[in-house]
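Descriptive structure summary
Listed below are the residues making up each chain.
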Amino acid sequence: MRYGWILRILDTVADMPVHAKAGLGRIKIGIVVGVVVLVVVAAVAYMVSRPSSSNANSATGPGSPSKSPATTAASLGLAVLPADGASGVMPDTTISVTASMGHLLSVVVTGTNGDSVNGSIGASGTTWQSSGTLALKTDYTVTVDGTTSSGAVVEQSTHFASLVPTATLGYTVTPSSGLTVGVGEPIVLRFDHPVAAANQAALIAQLQVAESNPVPGGWRWFDDHELHFRPETYWPTGDQVAFTAHLAGFDAGNGIWATSNASTTFTIGDSHVATANVTTHEMTVTNNGKVIATYPISTGRDIYPTMDGVHIDLYRSQVVHMVSSTVGIPVNSPNGYDELVYWDVNISDGGEFVHAAPWDIADQGHENVSHGCINVAPANAESFFNFSRIGDVIDVVGSPRPPNLGDHGTMDWNTPWADWTPAAVIQLPGTTPPPPTTSTTTVAPPVTAAATTTIAPAAATTTTVAPTTTTAATTTTTAPLYP
C-alpha cells in the first residue's frame, strides 16, 4: 500500500508503555489528521494532472463546441476548385465543389463586386458546378454548407482571385436602342483595343441577332477594331431587330479581355431609296418602291467626282460650315470656298452631302460642277432633309470614281456579299414571321431615262424625320467637305 509507512508508525506508538502512550495520544490524533489532509491534497493534484482518456477520445455531439475549420473540411471531404488562395483565375473557369464524406446543402459564390455566380447541385447531392462567367479583377468567396455522414451540419469557405488583364476591351454598338432606321443601316461594333485575328471568329460566335422577320445576314471585320453586320439585301420594312453581345469575360487576345455585355433594339422604317445619276443629272427618290420625287442635281466636276456606289445616310445637319482648306484647297484659290451650307444629309466620311446649293441652280439638271456633293435646289434639299433618316440608301450611279470600301458611307453595300461571314439569325421572341410574299419593295427600281422631273410634293417635307439627328444649326467644320 502507498501509505503503509504511516500505519507502521501508528503501530509502534500503540506498543509503547502506558505512561508514554498518554503523552502520545494527542500526538497520534494530530498525525492522523495531518495524514488525511496530505492524502486528500495528493489525490486532488493527481486527478488534475492526469490526462482524461475519455475526453481525448470523445467525438463532438449535439451541444458540443463548434468544430474547427480543419475538422469541418475533413468531415465533408470537400474538394473545391479553384483551390483556396488561387489567383489569376480565368473568367471562363468552372467552379466545382465535391463532397466525398457528406452531402451539400448550398454553395454560394460571391465577388467583391457584389455579384454572385450561378450554379447548381447535382442529382447525387455531392457535387456543385458554376454556370456563370467570372468577372475580371475580382476576389471571390466560395461558401459551402453541408451535412456529414453522421448528420452534423458544417460550413466551409474558400477564396480565390480572378485574372487581372493587361487591358480591358471597351466597345460601342450602333444603332442605339429605340431608333427607327433606314433599310441600309448596319449594326456596327467599334472596339477601343484591337481584337486579335485568331480570336475574331470566336467573338462573332458570342453575338446574336434576332428579328421579327428573319432574313439572311452576315458579319464582316473591316479592321481589328470594327465589326459590321448587314442583311444580304436591304432590311425588310417594319422588321424589329434585337442584337445582343455576350462578351463579358471574352478573351480578345494579347492580354485584353472584355468585361461587359451589350444590347440594342431598333425598328426598320419605310424603304427610302434615292438614286443619283451623275450622267442624267437627276436624283429619283422612292418610298417603299414608289417614286415620290425626281430632283435636278449637279454632282462632282471632273477633277472632284462624286463616289459611285451605294451610300447610306450617316447623319443630318440643318447647316454645316464648309471650308475648302480642310481638303487641301486654299480658300482664296479659284476652287476655294468658305460657306454656310443648309439642309445637309451626309453620305460619306469624305464629306459628301446631299445639300442645298442656290449658287448653281442653273447647272442642276445639266452639268456637274460641285466638289463632290450632290447639289440640289434649296426647296428640294429641305424636302429631302425632312424625308431622310439614318440608314436610308442613296445610290450614286454613272460616276467614274469607285466607292471607297473604308468609308462608312459606302463600305457596307459595296463590299461583295461573298466577303461576309453568314450569321445565325433567329426569330425575335414574342413575334411571328409575316406570311411569304411574292415581291419586295426594299430595293430601288432601275432608273430610266423616261423619269419625269418633278418637285417633291409638300407631304414629303414632313415625312419621317430621322430620330437621331438634331436639326439644330451648327457651324462646326467637318473635314473634308465638298459643296
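**Focus: the nonpolar core**
- Ranked by size, the top nonpolar core spans 37 residues in total, and within it Leu189 and Phe191 carry the most contacts.
- Once residues within four sequence positions are removed from consideration, Phe191 is found in contact with Leu169, Gly170, Tyr171, Leu203, Trp221, His225, Glu226, Leu227 and Leu247.
- In this structure, Ala274, Val278, Val285 and Phe385 belong to the second largest nonpolar core, which totals 21 residues.

**Thoughts on the packing of aromatic side chains**
- Under the criterion given, the structure shown has 12 aromatic pairs.
- Ring centres of Phe191 and Trp221 lie 5.8 Å apart, and the angle between their planes is 25°; on these two criteria the pair is classed as stacked. Note that Phe191 is positioned in strand 13 (residues 187-191) and Trp221 in strand 15 (residues 217-223), a separation of 30 residues in sequence.
- Between Trp343 and Phe385 the ring centres are 5.2 Å apart and the planes differ by 65°, which places this aromatic pair in the edge-to-face class. Linking Trp343 in strand 26 (residues 338-346) with Phe385 in helix 6 (residues 378-387), this pair joins segments that are 42 residues apart in sequence. In terms of burial, Trp343 and Phe385 fall into one category: buried.
- In textbook terms, an aromatic cluster arises when at least three aromatic residues are bridged by ring pairs, as seen for Trp219, Phe229, Trp235, Phe243 and Phe266.

**Observations regarding the side chain of Ser348**
- Mapped onto the secondary structure, Ser348 falls in the loop between strand 26 and strand 27 (353-356).
- Looking at Ser348, its side chain comes within polar contact range of the main-chain nitrogen of Gly351, at 3.3 Å.
- Apart from the residues within four sequence positions on either side, Ser348 is in contact with Met307, His311, Leu314, Asp407 and Gly409.

Each value, and the rule that gives it
- Counting of residues starts from 1 at the beginning of each chain's written sequence and follows it residue by residue.
- A pLDDT threshold of at least 70 governs which residues receive local features in this predicted model, and a stricter bar of 80 or more applies before side-chain atom pairs are shown or counted, although totals over entire chains, interfaces and linings include all residues.
- With hydrogens and water stripped out, all remaining heavy atoms of the structure feed into the side-chain values.
- Side-chain atoms within 4.5 Å are what join buried Ala, Val, Leu, Ile, Met, Phe, Trp, Tyr and Cys residues into a set we call a nonpolar core.
- Relative accessibility thresholds used throughout: buried, under 20% of the residue-type maximum; exposed, over 50%; partly exposed, between the two (1.4 Å probe, protein chains only).
- The contact definition used throughout considers only heavy atoms, calling two residues in contact when any of these lie within 4.5 Å.
- Stacked, tilted and edge-to-face pairs are distinguished by plane angle, under 30 degrees for stacked and over 60 for edge-to-face with tilted covering the rest, among Phe, Tyr and Trp rings (Trp via its six-membered ring) whose centres lie within 6.5 Å.
- The helix count covers DSSP runs of H or I at least four residues long, the strand count covers runs of E at least two residues long, and both are numbered beginning at the N terminus.
- In the analysis that follows, any N or O atom pair within 3.5 Å is treated as a polar contact, provided that within protein one partner can donate a hydrogen and the other can accept it, and provided that, for residues neighboring in sequence, both atoms belong to side chains.

Just distances and angles here, no functional claims.
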